[in-house]
Every structure is written in structure tokens, then in C-alpha cells.
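If you want the building blocks of each chain, they are given just below.
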Protein chains: 2
Amino acid sequence: MQETDFVSGFARGLKVIEAFGETTPRLAIADVAKATGLDRATARRCLLTLAELGYADYDGKFFVLTPKILRLGHAYLSATPLPHIVQPFLDKLAEEVHQSASASVLDGTEVVYIARASQKRVMSINLMPGSRLPAYCASMGRVLLAAMPDNESLALLKQSNLKSFTPRTLTDPIRLMEELARVREQGFAVIDQELELGLCSIAVPLENDRGRVVAAINIGAPAASVPAAEMADRYLEPLKSVARLLKSLLR
Amino acid sequence: MQETDFVSGFARGLKVIEAFGETTPRLAIADVAKATGLDRATARRCLLTLAELGYADYDGKFFVLTPKILRLGHAYLSATPLPHIVQPFLDKLAEEVHQSASASVLDGTEVVYIARASQKRVMSINLMPGSRLPAYCASMGRVLLAAMPDNESLALLKQSNLKSFTPRTLTDPIRLMEELARVREQGFAVIDQELELGLCSIAVPLENDRGRVVAAINIGAPAASVPAAEMADRYLEPLKSVARLLKSLLR
């Protein structure tokens, strides 16, 4: 790619959008400059452009994003066949097992939810398509990392911010690599309250018709009602059955 | 705003992202140029920038968006308090009435879903946060349009592409304005299979603590199990009760 094929103003603008988030919903120009590493003048121009186009509101001091921003993420969700194909299977699965079922793909060191069928909420955070979790301590993340060659999964683990969400979170790369080997061999991953106390989940990979892992699906359940040791007994077959049905539909 | 405060490369790039969608998941440079009105060279540079930054994949001919794009929409969903505040109420409501419940806001002539609790799927399309429907024929859209001054709602109706999704769809602006007046007076809107045959829905406005309408919530049900005439009897009180509880939480 040549230098002239790169639109720097576009790249900077996308960085500015990503500066907004759960803990940073309202940002002044200086905040955005700090978060993105852009100089104040550039941050200001990107923010004013967002406001001019209706993607942000500006009260003279702070900028907030508007719902128009959702058009951008929705361009992916509506353009990608995977969420549409998977959603009805998740709906049926969630109803059958009376727990929440989700599908996700890997984006860097994180899993990104692309579809979800929610029964009752078991997590304190609100998961929806577009939500992200660190891959190393999420069941779908383990399955997706296990599907990669060891050198690639190790590289991603090294890029991850391996922190303990609970006393049970695995954060040692060596132990995580051992766990990935086990996940690969058994064909599923169980997470026992590593992301949040009280929450267990089990995930299996989704292969396409050529046997390539393209996503993962999981079932989450409250540890109080389903101990981790019982997750596989209860949910592995329903999950595998969905994966089998989807295999021929995913190209 | 001065000319120099506008980053044209950013504005053009955002247009390129929006060119992707359900019917246009894979786009060549010429397709994007046509869809956006940009010249080929500009479209090409924006697409290559997206690919370089990991927001798109490129096979040498076609571009597709990657899950990284979801970071942009998620910046809004995670940064905005409304979806987080509303979601647990929708979960409870959906469980109580055994139907899907949603919340949305207005973006131009469309309603944008910001939260949703799905029970069984009743529509052929897959609604999720970020999904859009034309406001004029959606129950939440009617409620949000009814909350505006007449001249503004009429202007939005005139900008809308008023088409008949079913034989029941209201498309005459005069009749729609009469319906909005009725919705305003009665405090809710019922849609009887105007968007899709077999689907009814009922919506009420969500007011913030200062009495300003900031969003709408609805319940959708299959017409076969709940005729439109019964929607209000069954679901108006549960919806209003959620609106009352949320009023003091929305600032």
C-alpha cells in the first residue's frame, strides 16, 4: 500500500470515535486528544466533523455520540451473513436450555458478540451484539484461541492485558496455553467464574463446511444453579447439535 | 463552522462504511463509488484505509467489513446510559408478558433499536440494538413522531419513503398526521400488521425526569395469538408501569 492510498483524516476520525466508551461517554476536545494521542487541533476538527454530520452532539464543551453512530456498526451486522444464520439457532437453543446463548468471533485479543439470545440476565454487564470480552478468560475466547496455531495464540496472549477478574481467573500464559491444548483436544471450553463470580459458561467452535473454525457459540449459566462440573453434562450435546446443523450452512 | 474545521477525508470514509449493508455485503471499488457518489480514486483510498486499519478485508476485488467495525457502534451503545438503564426493565417486561420488548430512539426518519429483550422471534427480520425501521409504520416511531411539534413530524413524514409494506400500511401523510394526533392524545400507539403481516405492536413514550420524551418502548406480538384490539388491554399497563419506573432514572 502506498502512502498516498491512506486517508489519514479518516484513520484519525475512527480513532476519535473509539475514544468514546462506557467510562468516557462525554468528552471535551482535550480528553479526546489525550485518549487518541492526536494533537488538540486535529482532535477538534474530527469532533466538529462528527457533530456537523450528526454523529455527535456538542454543547460547546462536551461531545457525546448520537444514535447515528450505530449505522456504522450495523453496516457490519447487517452485511455479514453469520449473525443472521446463527440467530434463529441461538433463539431455539436458549429456549430449550433456559439459559442465554451467544455467538462471537475474535477481533484481536477480544471476542466480539455477533448474536445473542438472552433468557435471564446472569452477568452484571449487559451483553449485546458488538459487546466485547477479553478472549483469554471467556469460554468462546478459549475455543477460538484453541483453534489457532500455538504461536499465534501465544502471541495474542502476550498482547492481552492478563488480569484477574476474580480469584479464579487464569492469567499465567503457560497455564493458559495448557488449557488451550486441553480445549482443543476435548472440543469445548468451560469457564468456572473466571470472568465474574457466579457465572459459568461452556463454548464449542462453529466450523464452516470446509472445517475452518469461523466463530464460537456458548451457553452461560449461574454457578448457583449449574455448577461448572455439570455444564458439559447438561449443555455440551445441545451446543454440538447446533454446531453440526450450522456446519453445512456456513461457507 | 469554518471550512477548515471539517475533515473531508473522515466524512467520505464514514459514507464508505455506510455503503455496506444487508443487500450489499461485498463491494468492489466501483460499487462503493456508485453508492456514495465519490469518485473511484477517493472510494479506493477510503477502502484501502479501512483494510489497512483492519476494519475491512480485501481479496483483491471485493471488500467486506470485519467485526472491528462493531467497535464504532459499540462506542455509542456502551457510552450512552439509556440502553444500560432500560435493558433490565425490558428483560423483566419480556419475561412477564412472554413477548419481545424493545426500546428505540429516533434518528432522522427511522427508529433505531437501542435495547431489546427477545422472547420468541415473531418478525422475519432479526432485530437487535442498531437495527432500524421506518418510523412512520413502527409503533415506537409513531410515539416518537407524536411527541414532536406537528411541523417537525410532518417534515419527517415528507422526507420518508412512504411505502406499503403490507396492504394495511398507512402511507398518506394526512392520515398519518391524524393518527399521530390520536397517539398523542391516548398516550400510546398500536400497529396492526402495517410493517409485516402477522405482527402487531404497542408502544409508549419514555419521558425523562423533566417530562421530555427521550425514547419509546414497545411490545410486539403475533397477530394470530394477540389481535390488535387486545394489545392495549393486555400490554398497556405493563408498558406504562415500566415508563413510570424509568421516569425518575432518566435525566
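Quick caveat: nothing in here was measured; it's all calculated off a predicted structure.

Asker: Describe the sheet that holds strand S8 (residues 213-222) of chain A, naming the residues involved and giving the relevant values.
Answerer: All names here are of chain A. Read from one edge of the open sheet, 6 strands run S5-S4-S3-S8-S7-S6, paired in antiparallel fashion. Two strands bound the open sheet, and with one partner strand each, they are strand S5 (132-134) and strand S6 (189-192). Here the strands of the sheet are splayed against their neighbours by 30° on average, with no regard to which way each runs. Its contacts with the sheet put helix H5 (residues 81-97) on strand S3 (100-107), strand S4 (110-117), strand S7 (199-207) and S8, and the angle it makes with S4 is roughly 65°. Helix H9 (residues 228-247) contacts S6, S7 and S8 of the sheet and is inclined by roughly 25° relative to S7.

Asker: Quick rundown of the relation of the copies chain A and chain B? Include the residues and the values.
Answerer: Here chain A sits on chain B after a turn of 180° about the axis and a move of 0.0 Å along it, with an RMSD of 0.0 Å. A rotation of that kind, with that shift, is consistent with a two-fold axis. The residues that chain A uses at the interface reappear at the interface of chain B in 100% of cases, marking a shared surface.

Asker: Any details on the sheet that holds strand S8 (residues 213-222) of chain B? Residues and values, ideally.
Answerer: All names here are of chain B. Spatial strand order, S5-S4-S3-S8-S7-S6: 6 strands in an open sheet with antiparallel pairing. The two strands at the open ends of the sheet, each matched to only one other strand, are strand S5 (132-134) and strand S6 (189-192). Strand-to-strand twist across the sheet, computed as the mean angle between neighbouring axes with direction ignored, equals 30°. Where strand S7 (residues 199-207) meets S8, 9 bridges bridge the pair, whose relative direction is antiparallel. Each bridged residue has a counterpart across the sheet, and for Leu 206 the counterpart in S8 is Ala 215. Taken strand by strand, helix H9 (residues 228-247) contacts S6, S7 and S8, and its axis lies near 25° from that of S7.

Asker: Go over the state of the cysteines with me, naming the residues and quoting the values.
Answerer: All told, the structure shown has 0 disulfides over all chains when counted by the stated rule. Just so you know, B:Cys137 is unpaired, no disulfide at all, and the nearest cysteine sulfur is the one on B:Cys200, 14 Å from it.

Asker: How would you summarise the side chain of B:Arg116 if you had to cite specific residues and measurements?
Answerer: Residue placement: B:Arg116 occurs in strand S4 (residues 110-117). Buried charge B:Arg116 goes without a salt bridge, the closest partner of opposite sign being A:Asp91 at 7.7 Å. Of note is the side chain of B:Arg116, whose polar atom sits 2.8 Å from the side chain of B:Ser102. In this view, B:Arg116 contacts B:Gln87, B:Leu90, B:Ser100, B:Ala101, B:Ser102, B:Leu127 and B:Met128; residues no more than four positions away in its chain are not counted.

Asker: I'd love a proper account of helix H8 (residues 173-186) of chain B, names of residues and values included.
Answerer: All names here are of chain B. For H8, built from 14 residues, the straight-helix expectation of 20 Å at 1.5 Å per residue is met to within 8% by its first-to-last C-alpha distance of 20 Å. When H8 is considered as a whole, its buried residues turn out to be Leu 176, Met 177, Glu 179, Leu 180 and Val 183. With its buried residues spanning 160° around the axis, H8 presents them on a single face. Opposite its buried face, H8 presents the exposed residues Ile 174, Glu 178 and Glu 185, each directed more than 90 degrees away. Downstream of H8 by a residue or two, Gly 187 has a phi angle that is positive, lying close to 85°.

Asker: Requested: an account of the UniProt feature "domain: HTH iclR-type" (unreviewed entry) in chain A, with residues and values cited.
Answerer: The residues that UniProt annotates with the feature "domain: HTH iclR-type" (unreviewed entry) are residues 7-67 of chain A. Annotation note: span residues 7-67 of chain A, helix share 54%, strand share 10%, distance between end C-alpha atoms 25 Å.

Asker: Can you explain helix H6 (residues 139-146) of chain B? Please cite residues and give values.
Answerer: The buried fraction of H6(B) is high, at 8 of 8 residues. For H6(B), the complete set of buried residues consists of B:Ser139, B:Met140, B:Gly141, B:Arg142, B:Val143, B:Leu144, B:Leu145 and B:Ala146.

Asker: So what about the pattern of salt bridges? Which residues, and what values?
Answerer: This structure, assessed with the given rule, holds 28 salt bridges over all chains. The partner of A:Arg251 in a salt bridge is A:Asp209, with the nearest N and O atoms 3.7 Å apart. Here A:Asp209 lies in the loop between S7 and S8 and A:Arg251 lies in the segment after H9, a separation of 42 residues in the sequence. Here B:Arg132 and B:Asp107 are joined by a salt bridge, their closest N and O atoms 2.9 Å apart.

Analysis parameters
Residues numbered from 1 in each chain as written. Chains lettered and ligands numbered in written order. Predicted model: local features only at pLDDT ≥ 70, side-chain atom pairs only at ≥ 80, totals over all residues. Heavy atoms only, no water. Pairing = 2+ DSSP bridges. Helix = DSSP H or I, 4+ residues; strand = E, 2+ residues; numbered from the N terminus. Axes fitted to C-alpha atoms, helices over the stretch in contact; angles between N-to-C directions. Contact = heavy atoms within 4.5 Å. Least-squares fit on C-alpha atoms with pLDDT ≥ 70 in both. Disulfide = S-S within 2.5 Å. Buried < 20%, exposed > 50% of the residue type's maximum accessible area, 1.4 Å probe, protein only. Lys, Arg positive; Asp, Glu negative; His and termini not counted. Salt bridge = Lys/Arg side-chain N within 4 Å of Asp/Glu carboxyl O. Polar contact = N/O pair within 3.5 Å; in protein donor to acceptor, adjacent residues only side chain to side chain. Expected span 1.5 Å × (residues − 1). Arc of directions from axis to C-beta. UniProt positions renumbered as here; feature names shortened; annotations may be inferred.

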